[in-house]
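Each chain is listed here by its residues.
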Amino acid sequence: MFPTLPTRPARTGISAAFLLSIGCHDPLPCHEPDLDAPVVVSTGGRTLTCDCGADPGSVICTDDSCAAREYRFDSASTLEAPLDVAGWTLDTTAVDQLRTCAALPDDAWVLDGVTVVDADGARADRAVVLSAEGIVVEATAGSWPALPAVDGSGRYLVPGLVDAHVHLNYGGAIGTVGDTLATNLAAELYWGVTAVADLGGPEVLFALRDHVAAGDLLAPDIVATGPMLTAVGSHPCEGAPDPDLCVFVTADDAAEEGQRLLDAGADGLKVAIADAGFTDWATPRIDPEAVAGITSLGAPVFAHVDADADVIDAVDAGVSVLAHPPFGGPIGADALAAATSVDAVITTVGAFAGVGDLLDGSLDPDDPDLVLTDAVRDDWRAVQDGDIVLLDGWAEASADWAADARANLAALDAGGARLIPGSDAGYYFVPHGRGLHRELTELEALGWTPLEVLTATTLDARTLLGLPGGRIEAGSPADLVVLTEDPTASVSALASIEAVIRTGVYHPREELRVPQAVAFDDVCLSACPEGRCDGVSHECVP
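Please read these numbers as outputs of a predicted model, since none were measured by experiment.

### Describing the nonpolar core
If you look at the biggest cluster of nonpolar residues, it comprises 102 residues, and the most contacted ones within it are Leu 208, Val 271, Leu 322 and Phe 429. Other than its neighbours up to four places away in sequence, Val 271 contacts Leu 229, Ile 286, Val 291, Ile 294, Val 301, Phe 302, Ala 303, His 304 and Val 319.

Listed below in structure tokens is the structure:
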């Protein structure tokens, strides 16, 4: 909810206090819905012409002396007849016409005096009018004195961040820790992430995504692929089949299984090429004809890759996005050429560095800014303390994978590949929300400017995932982050979060730590009218 705001004043029309002399000019174009014709009032041989102004909720009136005046109104209901305009009287018919000048929504409010920063750069002293419908207008500070306002002085406003690779149903623990979904969603918002791509999770996420889009719960927007399409015994089900994570396919049925997921609501598909790096034995490789069948469906396809051969096979089969840089050794020339031809490569260095981060203490389970369940926090402490013993050689192998992923990311960047930040949050020791910020520092280490990093995790990521917005401009979703530090000066400033604006509602950061407890007919998050919410299926059960 909002912080304390001034009450919207009761008004019976356009007050003279909101009349601005702006000089003589031609009538400005209307916003939708356009007026069929300007409002014209004539008397005694004199004429007043009124039309929509440049901004929603404004009217320009010009008289015979070529003196133009602009009137602003905060909703259509405040524009009432008879209306006095500099001595002219507009009757009901005229006023009804002017009400179509894209009046501000009734829930509109303004973040005033803020510095706006997006892919187009920084703009100081701005007023950004917001509502549940989206960003209404960005204008000069002080332009909307009639609206409820939040003082943005000394603050920076950026588009909501996007994590292009997460696993929402998993909390990053090595042991059994119970349901973490609601906490993971809260963690993403707490760290300014207003949209995520879940690249490998249960089909119940399709229903959850739809409820988020309908405004039924406070959570990031979700793009979801459903379970990974993979060969029998391959990643991520090397040890045992898990229908929430894997759908086993062959060349004969891969297209059919992919279409089934799309019909169920998948936004795209995830395919695992192979994963020899995670076991002592070579896991099966998916048949390239199976991958070609999946890509033939026309949906975006994300590929889990390990080594150069995986990259080449994935690209040859028509995969759209590599869900990781290769991490099974230095990238070769052929794989580099293939990787630079796809729509994007998602960074995910932290997925391989998480073990080392936990063991060396740079990932601190007791960090108060980590939004974790108690069970996940205890699991991570137990690994640090040696009470949970990792597989022999895993820490050393993870360090090698991280080094290779980082070096290959640098090679991809130099080669012109499109890099999009994604954390693989939910994988072992990769925290939701915080994990994305680690990826942003990896891009900064490659020499990217803070503005380039911001653009990659906002506009570029949303474009890749088919989501609207990414700039702070009229018509974009009102999903924004209020910062206390300058994001053009340092990437670390993106973590200086004071508030998150989600669908036009201002949420102080600390409010976002609390997981949502909701239940619907088709999905639940830790609350049910009767019975309990099953932590695996996320369905209400007796």
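### Considering unusual backbone geometry
A cis amide bond links His 235 to the next residue, Pro 236, at an omega of 5°. Of note, Pro 236 is situated in the loop between β16 (228-230) and β17 (246-248). Backbone geometry at Asp 125 places phi at a positive 55°, although glycine is not the residue there. The residue Asp 125 is located in strand β9 (residues 121-131) in this model.

### Digging into the sheet that holds strand β13 (residues 161-166)
Within the open sheet, the three strands sit side by side as β13-β14-β15. Their pairing is parallel. Edge positions in the sheet fall to β13 and β15 (221-224), since each has one partner strand and no second. With strand direction ignored, the average angle separating the axes of adjacent strands in the sheet is 15°. Where strand β14 (residues 193-198) meets β15, four bridges bridge the pair, whose relative direction is parallel. Paired with Val 196 across the bridge in β15 is Ile 222. Here helix α3 (residues 204-213) sits on the sheet in contact with β14 and β15, set at roughly 150° to β15.

### Side note on the pairing of strand β18 (residues 269-272)
Covered by surrounding structure in β18 are Leu 269 and Val 271 together with Lys 270 and Ala 272, the residues of both alternating faces. Relative to strand β19 (residues 301-304), β18 runs parallel, the two sharing four bridges. Residue Lys 270 lies in a different strand from β19, and its bridge partner there is Phe 302.

### So, the pattern of salt bridges
This model, assessed by the stated rule, comprises 20 salt bridges. As a salt-bridge pair, Asp 120 and Arg 471 come within 3.0 Å of each other at their nearest N and O atoms. Within this pair, whereas Asp 120 is found in the loop between β8 (109-118) and β9, its partner Arg 471 is found in the loop between α12 (450-465) and β23 (480-483), the two being separated by 351 residues in sequence. When its relative accessible area of 51% is taken as the criterion, Asp 120 is described as exposed. Here Glu 257 makes a salt bridge to Arg 260, at a shortest N to O gap of 3.2 Å. Residue Glu 257 and its partner Arg 260 are located together in helix α4 (residues 254-264), separated by three residues, close to a single helical turn. By sharing partners, the salt bridges in this structure join Asp 118, Arg 123, Arg 126 and Glu 138 into a single network.

### Here's the deal with the environment of Ala 338
With respect to the element layout, Ala 338 can be found in helix α7 (residues 333-339). Its relative accessible area of 11% is what places Ala 338 among the buried residues. With 22 residues separating them along the chain, Ala 338 and Asp 316 place their C-alpha atoms 8.1 Å apart. Not counting residues within four places of it along the chain, the set of residues in contact with Ala 338 comprises Val 311, Ile 312 and Val 315.

### Let's talk about the side chain of Arg 209
Summarising the element assignment, Arg 209 is placed in helix α3. Apart from the residues lying within four places of it in its own chain, the contact partners of Arg 209 are Ile 222, Gly 265, Ala 266 and Asp 267.

### Focus: helix α10 (residues 394-414)
End to end, α10 covers 30 Å across 21 residues, agreeing with the expected 30 Å (1.5 Å per residue, within 8%). Trp 394, Ser 398, Trp 401, Ala 402, Ala 405, Asn 408, Leu 409 and Leu 412 are the residues of α10 that are buried. Down the axis of α10, the buried set is contained in an arc of 140°. They therefore lie on one face. Opposite the packed face of α10, turned more than 90 degrees from it, sit the exposed residues Glu 396 and Ala 414. On the buried face of α10, the contacting elements are α7, β21 (344-346), α8 (349-360) and β22 (419-420). Once α10 ends, the next one or two residues include Gly 416, with phi positive near 95°.

### A few points about the state of the cysteines
One covalent bond between the sulfur atoms of two cysteine residues makes up a disulfide. Going through the model one piece at a time under the given rule, you end up with three disulfides. One disulfide in the model links Cys 524 with Cys 533; its S-S distance is 2.1 Å. Handedness here is read from the sign of the S-S torsion; for Cys 524 and Cys 533, about 90°, the answer is right-handed. The exposure class of Cys 524 is buried, given its relative accessible area of 0%. Two residues, Cys 528 and Cys 540, share a disulfide whose sulfurs are 2.2 Å apart. On the S-S bond that ties Cys 528 to Cys 540, the torsion sits near -95°, and the link is left-handed. With Cys 528 in the loop between β27 (524-525) and β28 (532-533) and Cys 540 in strand β29 (residues 540-541), the pair connects residues that are 12 residues apart, well separated along the chain. Residue classification places Cys 528 among the buried residues on the basis of a relative accessible area of 19%. For Cys 540, a relative accessible area of 34% translates into the label partly exposed.

### A short note on the packing of aromatic side chains
Under the defined criterion, the tally for this structure stands at nine aromatic pairs. Taking the centre distance of 5.2 Å and the plane angle of 85° together, the rings of Trp 394 and Tyr 428 count as edge-to-face. Of this pair, Trp 394 sits in helix α10 while Tyr 428 sits in the loop between β22 and α11 (434-445), and the two are 34 residues apart along the sequence. Using a relative accessible area of 12% as the deciding quantity, one classes Trp 394 as buried. For the ring pair Tyr 428 and Phe 429, a centre distance of 6.3 Å and an interplane angle of 45° mean the geometry is tilted. Pairwise contacts between aromatic rings join Trp 380, Trp 394, Tyr 427, Tyr 428 and Phe 429 into one cluster. If you follow Arg 509 out to its NZ or CZ, it ends over the ring of Tyr 190, 3.9 Å from the centre. Above the face of the Trp 191 ring, Arg 509 is positioned so that its terminal group lies 4.7 Å from the ring centre.

Basis of the calculations
- Position numbers for residues start from 1 in each chain and track the written sequence from start to end.
- The predicted origin of the model limits local features to residues at a pLDDT of at least 70 and limits the giving and counting of side-chain atom pairs to 80 or more, whereas totals for whole chains, interfaces and linings rest on all residues.
- Note: side-chain values were computed over all heavy atoms of the structure, leaving out hydrogens and water.
- By nonpolar core we mean a set of buried residues, namely Ala, Val, Leu, Ile, Met, Phe, Trp, Tyr and Cys, connected to one another through side-chain atoms within 4.5 Å.
- Here's how the labels work: a residue is buried when its accessible area is under 20% of the maximum for its type, exposed when over 50%, partly exposed in between, all with a 1.4 Å probe on protein chains only.
- Note on contacts: a residue pair qualifies if any of its non-hydrogen atoms lie within 4.5 Å across the two residues.
- Here a helix means four or more residues in a row that DSSP labels H or I, a strand means two or more in a row labelled E, and each is numbered from the N terminus.
- In this scheme, strands are said to pair when DSSP sees at least two bridges between them.
- To get an axis, a line is fitted to the C-alpha atoms, and for a helix only the part in contact is used. The angle between two axes follows their N-to-C directions and goes from 0 to 180 degrees.
- Salt bridge, as used here: a side-chain nitrogen of Lys or Arg that lies within 4 Å of a carboxyl oxygen of Asp or Glu.
- Here, expected helix span is obtained from the residue count minus one, scaled by 1.5 Å.
- Note that the arc is defined by the directions from the helix axis to the C-beta atoms.
- Our working definition of a disulfide is a cysteine sulfur pair at a distance within 2.5 Å.
- Aromatic rings from Phe, Tyr and Trp, with only the six-membered ring used for Trp, were paired whenever their centres fell within 6.5 Å, and each pair was classed as stacked if the ring planes differed by under 30 degrees, edge-to-face if by over 60, and tilted otherwise.
- By definition here, charges over rings are those cases where NZ of Lys or CZ of Arg is within 6 Å of the ring centre and within 35 degrees of the ring normal.

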